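Working through the structure, step by step
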Amino acid sequence: MDNPGMDAPATQPAEASSDVLVSLTDVNKYFGALHVLQDINLDVKRGEVLVVIGPSGSGKSTLCRAINRLEPINSGSITLDGQKLPEEGKPLARLRADVGMVFQSFNLFAHKSILENVTLGPLKVRRLKPAEAKKQAMELLERVGVANQANKLPAQLSGGQQQRVAIARALAMQPKVMLFDEPTSALDPEMVNEVLDVMVSLASEGMTMVVVTHEMGFARKAADRVVFMADGRIVEQAPPDQFFDNPQSERAKDFLSKILTH
Amino acid sequence: MSDFLDVLTNYDILGAYWVNIQLAFFSAVFALLLGLVLAMMRISPVPSLRGFGASYVNLMRNTPLTVIVVFAILVLWPIFNVSFSDNFNQNFFWLAVLSLSLYHASFFCEAIRSGVNTVPVGQAEAARAIGLSFLPAARLVIMPQAFRGAIAPLGNTLIALIKNTTVAAAASVAEVSILMREMIESNGNYVIPIFLTIAVGFVILVIPVGMLTTYLSQKLAVSR
Ligand SMILES: Nc1ncnc2c1ncn2[C@@H]1O[C@H](COP(=O)(O)OP(=O)(O)OP(=O)(O)O)[C@@H](O)[C@H]1O
Ligand SMILES: [Mg+2]
């Protein structure tokens, strides 16, 4: 099953040309004996929107988390903007500030107000002045449509609102790339679109995005490329229409038939 | 009854209690600070710090407090020259505070750690993801939530500490249990009233702490 559908726009060469923002080379990751990422090679170009799709347990979250080293890898290398990910400490923290991350379970700071959630990073990591951080945060909250909730606590908001705040919190760091790990799969169905709308507008503004999701509508509308993973490998990658209408590998056909029957 | 009142007024019971309150106050402050440092060590990414934290807690938590107090006055002071004051009584008071602090720090550490366990891992991941390194993430995100989740065990530790101040008697600190012994020795006919008086004093000291922690643990609970 080695990349049969590889007629996608060339993405494999590993040379660090400046239009490549995130680059994974021969990445391997084990959880004990479980080989969850197997020889992953993947380049994400500046401004590209990448959708990662695949069956449960195929390693999508691990791939996403490896990019900001929430999950350390066992071999291979990952670079961001030409720079190898630092191992730990201050340099790693600095790198993470440049990578926005949105989690399935939102993970808003439960003891802080919505506004404080968004200003914390800018104040403590970017060292913005309080007035400046607040102004920027309110603009972002405005943009994701929750400015009127600024003084509430996360638990007082709906899931959709919380996830939009989480996006604002990540954007407040002015990241180079945004990672989304199933951002809508913990949401009630009627709240999915309000979050996807924010993501679509972000994509259209040229944000580089890696999005783990099974939302095909989003993939078709916003993605430049779909990466299909199974058993820790990238099995197939193609532009969304091509991937969904004419998948090449058996694994992808099988997977799509399962999610399409619903 | 009036004879018993005479007994009570002949002794400076409130003054003795004041010593226990001071012991409790200073020990609580130092033990809580040390406990916080230990808890940070135990959750830190540095294995040697984690190991030190765990060893400290296991050593202190499993040693009887009296043994620690006796160690302080018979070993730390005379052999290692740990001295806080040239005034004999002052010195023993602070050696008692030191012992109480070292001992209860292990319990405060574990109470805080149980609070850390109430904080979902996603909170720490989100903190790291916006670029906070370990110390700022602990200070700004983890510990504030951990303390709110640890108020009940912290309160229990504080209550135990207040009662354990009587162990300072082993360092001849003139606190209330020493006074009680004196009172009983010279007023054998009033053993039970004297005992009850002292016990009620502790109840009066401790009950507000229990009420306060119950109130705070509800008021400050983090809603998720
Ligand atoms: N911390 C961990 N320790 C051990 N095994 C893990 C850990 N995290 C993930 N795994 C395992 O690694 C494999 C890949 O997990 P991962 O979460 O990346 O899959 P996924 O594609 O995101 O799945 P899902 O669609 O269910 O989210 C799974 O088999 C999972 O059980
Ligand atoms: Mg996942």
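Preceding this section is the structure that the text describes.
Source: prediction; values computed, not measured.

Thresholds applied
Residues numbered from 1 in each chain as written. Chains lettered and ligands numbered in written order. Predicted model: local features only at pLDDT ≥ 70, side-chain atom pairs only at ≥ 80, totals over all residues. Heavy atoms only, no water. Helix = DSSP H or I, 4+ residues; strand = E, 2+ residues; numbered from the N terminus. Rg over C-alpha atoms; globule rule 2.2 N^0.38 Å. Buried < 20%, exposed > 50% of the residue type's maximum accessible area, 1.4 Å probe, protein only. Patch = residues over 30% accessible without salt bridge, like charges linked within 9 Å, V, L, I, M, F, W, Y side chains within 5 Å. Areas by Shrake-Rupley, 256 points an atom, 1.4 Å probe, with all protein chains shown as cover. Salt bridge = Lys/Arg side-chain N within 4 Å of Asp/Glu carboxyl O. Lys, Arg positive; Asp, Glu negative; His and termini not counted. Charge placed at Lys NZ, Arg CZ, Asp CG, Glu CD. Near = heavy atom within 4 Å. Polar contact = N/O pair within 3.5 Å; in protein donor to acceptor, adjacent residues only side chain to side chain. Nonpolar A, V, L, I, M, F, W, Y, C, P; charged D, E, K, R; others polar. Core = buried A, V, L, I, M, F, W, Y, C linked by side-chain atoms within 4.5 Å. Contact = heavy atoms within 4.5 Å. Pairing = 2+ DSSP bridges. Axes fitted to C-alpha atoms, helices over the stretch in contact; angles between N-to-C directions. Phe/Tyr/Trp six-rings, centres within 6.5 Å; stacked < 30°, edge-to-face > 60°. Lys NZ or Arg CZ within 6 Å of the ring centre and 35° of its normal.

1. Description of the overall build of chain A
- A tally of helices and strands in chain A yields 9 helices and 10 strands.
- Over its C-alpha trace chain A gives a radius of gyration of 18 Å, about what one expects of a compact globule, namely 18 Å for 262 residues.
- Dimensions along the principal axes, computed over C-alpha positions, put chain A at roughly 55 × 40 × 35 Å.
- Going through the 262 residues of chain A one by one, you find that 56% of them count as buried.

2. Some remarks on a positive patch on the surface
- Together, K90, R94, K124 and R127 of chain A together with R139 of chain B make up a positively charged patch on the protein surface.
- As for its position among the elements, K124 of chain A is in helix 3 (residues 114-124).

3. Quick notes on the site of ligand 1
Residues and elements named next belong to chain A.
- Taken together, F31, L34, V36, P55, S56, G57, S58, G59, K60, S61, T62 and E182 are the residues near ligand 1.
- At 2.7 Å, a side-chain N or O of S61 approaches an oxygen atom of ligand 1.
- One of the side-chain nitrogen or oxygen atoms of T62 is found 2.5 Å away from an oxygen atom of ligand 1.
- In the complex, 59% of the free accessible area of ligand 1, which totals 630 Å², lies under the protein chains.
- Counting only elements with at least two residues in the shell around ligand 1, the list comes to strand 2 (34-45) and helix 1 (60-67).
- Per-class residue counts for the shell around ligand 1 are 4 nonpolar, 6 polar and 2 charged.

4. Structural notes on the environment of S249 of chain A
Residue and element names in this part refer to chain A.
- Among the structural elements, S249 can be located in the loop between helix 8 (240-245) and helix 9 (250-260).
- Among the residues examined, S249 registers a relative accessible area of 5% and is labelled buried.
- For the pair S249 and V36, spaced 213 residues apart in sequence, the C-alpha separation works out to 20 Å.
- Side chain to side chain, S249 and E236 meet in a polar contact 2.7 Å long.

5. What to know about the nonpolar core
- Counting 102 residues, the largest nonpolar core has L24 and I40 of chain A together with L23 and V173 of chain B as the members making the most contacts within it.
- Top contributing element to this core by residue count: helix 5 (residues 88-116) of chain B, with 13 residues.
- Setting aside residues no more than four positions away along its own chain, L24 of chain A makes contact with I40, N41, L42, D43, L63, I67, S77 and I78 of chain A.
- Residues A147, L187, M207 and F255 of chain A belong to the second largest nonpolar core, which totals 53 residues.

6. Digging into a nonpolar patch on the surface
- A cluster of nonpolar side chains, contributed by F25, V29, F30 and L33 of chain B, occupies part of the molecular surface with about 390 Å² of accessible area.
- Judged by relative accessible area, V29 of chain B falls into the partly exposed class, the value being 35%.

7. Comments concerning the sheet that holds strand 4 (residues 75-80) of chain A
All names here are of chain A.
- An order of 2-1-4-5 is seen for the 4 strands of this open sheet, with the pairing classed as antiparallel. Strand pairing shows two members of the sheet lacking a second neighbour, strand 2 and strand 5 (83-84), which therefore form its edges.
- Of the pairings in the sheet, the one linking strand 4 to strand 5 comprises 2 bridges and is antiparallel in character. Note on strand 5: the bridge partner recorded for T79 is K84.
- Relative to the sheet, helix 1 contacts strand 1 (20-31), strand 2 and strand 4, its axis offset from that of strand 2 by approximately 55 degrees.

8. A word on the packing of aromatic side chains
- Tallying each qualifying case throughout the model produces 14 aromatic pairs over all chains.
- Here the aromatic rings of F26 of chain B and F93 of chain B are separated by 6.4 Å at their centres, their planes lie at 90 degrees, and the arrangement is edge-to-face. Remark: F93 of chain B occurs in helix 5 and F26 of chain B occurs in helix 2 (residues 13-43); sequence separation between them is 67 residues.
- We classify F26 of chain B as partly exposed; its relative accessible area is 27%.
- Ring geometry for W77 of chain B versus F92 of chain B: centroids 5.2 Å apart, planes at 85 degrees, classification edge-to-face. Of this pair, W77 of chain B sits in the loop between helix 4 (65-76) and helix 5 while F92 of chain B sits in helix 5, and the two are 15 residues apart along the sequence.
- Of the residues examined, F92 of chain B reaches a relative accessible area of 6% and is grouped as buried.
- One aromatic cluster is present, formed by F228, F243, F244 and F255 of chain A through successive ring pairs.
- A cation over an aromatic ring shows up here: R169 of chain A above the ring of F109 of chain A, its NZ or CZ 4.5 Å from the ring centre.

9. A few points about the interface of chain B and chain A
- Contacts between the two partners involve 19 residues from chain B and, on the opposite side, 23 residues from chain A.
- Run the count over chain B and chain A and you get 1 salt bridge.
- The residue R65 of chain A makes a salt bridge to E125 of chain B at a minimum N-O spacing of 2.7 Å.
- Connecting chain B to chain A are 6 residue pairs in polar contact (both at pLDDT 80 or more).
- Secondary-structure elements contributing two or more residues to the side of chain B that touches chain A are helix 6 (121-129) and helix 7 (134-149) of chain B.
- Considering only residue class, the side of chain B that touches chain A consists of 9 nonpolar, 6 polar and 4 charged.

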